[in-house]
Amino acid sequence: MSATVLSGKEPAAAIRTETAARAAELTAAGTPPRLAVVVATADESSAWYVRSIARAAEKAGITCDVVDLGPGASSSDIRHKLAALSADENVHGVILQTPLPEGAKLEDLASAIAFEKDVDGANPLSLGRLAAGLPAFAPATAEAVLTILDHHGVELTGRHVAVIGRSNVVGKPAAHLLLNRNATVTVCHSRTRDLAAVTAAADVVVAAVGRPGLVTAEYVRTGAVVVDVGTNPTEDGGLVGDVDAASVAEKAGALTPVPGGVGPVTTALLLRHTVQAATH
Ligand code: NAP
């Protein structure tokens with residue numbers, strides 16, 4: 001058996017097309033959508049990611065300002081910049097890029113992003129609202145998990161989903177989004193005992209860990225759906241997921257690829273959130 005490939009490219013393209021149309025309408029109506037990405041790191045892969053957001057924004061007709069405060073920025077500098085961008089009526093979406101300078105915490109600083117402009121769901125208020133079932137922007141990566149599953153017609157109601165990872169940017173918000181869709185959710189982490197037995201009991205496994213190849217065939221029940229959120233750089237400049245695709249594809253019913261799965265949908269959703277924020 002070889003698992004069906006749940007590509008993210010088609011849903012991402014559909015979201016980008018719809019977003020570009022909405023951005024053109026907003027611009028014509030005098031509200032050109034604008035996204036600000038605050039950077040305080042010299043990290044190479046972060047710079048690559050920010051360039052890819054800026055390129056995608058430009059193609060969709062969204063202005064993207066990269067506000068580079070440099071790796072020496074203090075928490076106070078970052079907080080003030082986020083607050084100023086939040087107060088700027090010409091800016092509709094604000095993202096704080098990670099990694100952050102030593103000692104700075106995303107959850108702490110992101111509370112300075114107005115929740116209406118928090119297009120990557122980093123403000124703890126957004127996570128709280130999500131948990132309470134109130135409108136809020138979810139972190140784009142967490143939402144991308146559901147978008148891919150929906151696009152490929154994977155049913156969630158009543159099904160057992162195991163999420164591996166409990167970060168505030170992926171694991172926890174994904175678990176809340178899945179709960180809001182009536183899945184039965186088990187959240188696993190580094191202290192989970194007998195992880196393979198827990199995940200092998202699930203209909204759907206979401207791997208958001210940051211450990212290349214952690215999820216092998218043993219972690220997956222025959223026919224299960226597997227979403228690989230992991231993006232782990234390889235020595236040759238490539239990207240691998242948290243799932244050992246070769247062994248898991250022989251057992252799972254369906255699997256998202258890396259690259260070409262969650263990643264492109266994440267970027268597309270950030271842009272969709274920005275035009276939604278400009279619409280409010
Ligand atoms: P993170 O903050 O480092 O969290 C990792 C989570 O995995 C933690 O909850 C940790 O448990 C758990 N974990 C670590 N080792 C484990 C193990 N051996 N067994 C079970 N659980 C384990 O990472 P993140 O920011 O959530 O990102 C997760 C992955 O998604 C990374 O590969 C990242 O690059 C990728 N990512 C992709 C996108 C995209 O657009 N595709 C966006 C964001 C992130 P504890 O809580 O117990 O420490």
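All values derive from a computational prediction rather than experimental measurement. (Residues numbered from 1 in each chain as written. Predicted model: local features only at pLDDT ≥ 70, side-chain atom pairs only at ≥ 80, totals over all residues. Heavy atoms only, no water.)

(A) Up close: the pattern of salt bridges. Counted by the stated rule, this structure contains six salt bridges. Among the salt bridges present, the one from arginine 22 reaches glutamate 25, with a minimum N-O distance of 2.5 Å. Here the residue arginine 22 and the residue glutamate 25 both occupy positions in helix H1 (residues 9-28), the gap between them amounting to three residues, near one helical turn. You can call arginine 22 partly exposed: its relative accessible area is 29%. Assessed through its relative accessible area of 47%, glutamate 25 is described here as partly exposed. (Salt bridge = Lys/Arg side-chain N within 4 Å of Asp/Glu carboxyl O. Helix = DSSP H or I, 4+ residues; strand = E, 2+ residues; numbered from the N terminus. Buried < 20%, exposed > 50% of the residue type's maximum accessible area, 1.4 Å probe, protein only.)

(B) Geometry of the nonpolar core. Within the largest apolar cluster, 53 residues are counted, with the highest numbers of intra-cluster contacts made by Leu35, Ile62, Leu149, Val161, Val206 and Val229. Here this core gets nine residues from one element, more than from any other, and that element is helix H10 (residues 262-279). Composition of this core by domain shows at least three residues from each of domain 1 (30-114) and domain 2 (139-262). Sequence-distant contacts of leucine 35, that is, excluding residues within four places in its chain, are made with Ile53, Ile62, Thr63, Cys64, Asp65, Gly93, Val94, Ile95, Val119, Leu271 and Thr274. (Core = buried A, V, L, I, M, F, W, Y, C linked by side-chain atoms within 4.5 Å. Domains from an automatic or database assignment. Contact = heavy atoms within 4.5 Å.)

(C) Layout of the sheet that holds strand S3 (residues 63-68). Ordered in space as S3-S2-S4, the three strands form an open sheet in which the pairing is parallel. In the strand order of this sheet, the two ends are held by S3 and strand S4 (93-96), each with one partner. Going from strand to strand, the sheet's axes swing by 20° on average, the running direction of each strand aside. The pairing of strand S2 (residues 34-39) with S4 spans four bridges and is parallel. Directly across from valine 38, in S4, lies its bridge partner leucine 96. Helix H3 (residues 75-87) contacts S2, S3 and S4 of the sheet and is inclined by roughly 165° relative to S4. (Pairing = 2+ DSSP bridges. Axes fitted to C-alpha atoms, helices over the stretch in contact; angles between N-to-C directions.)

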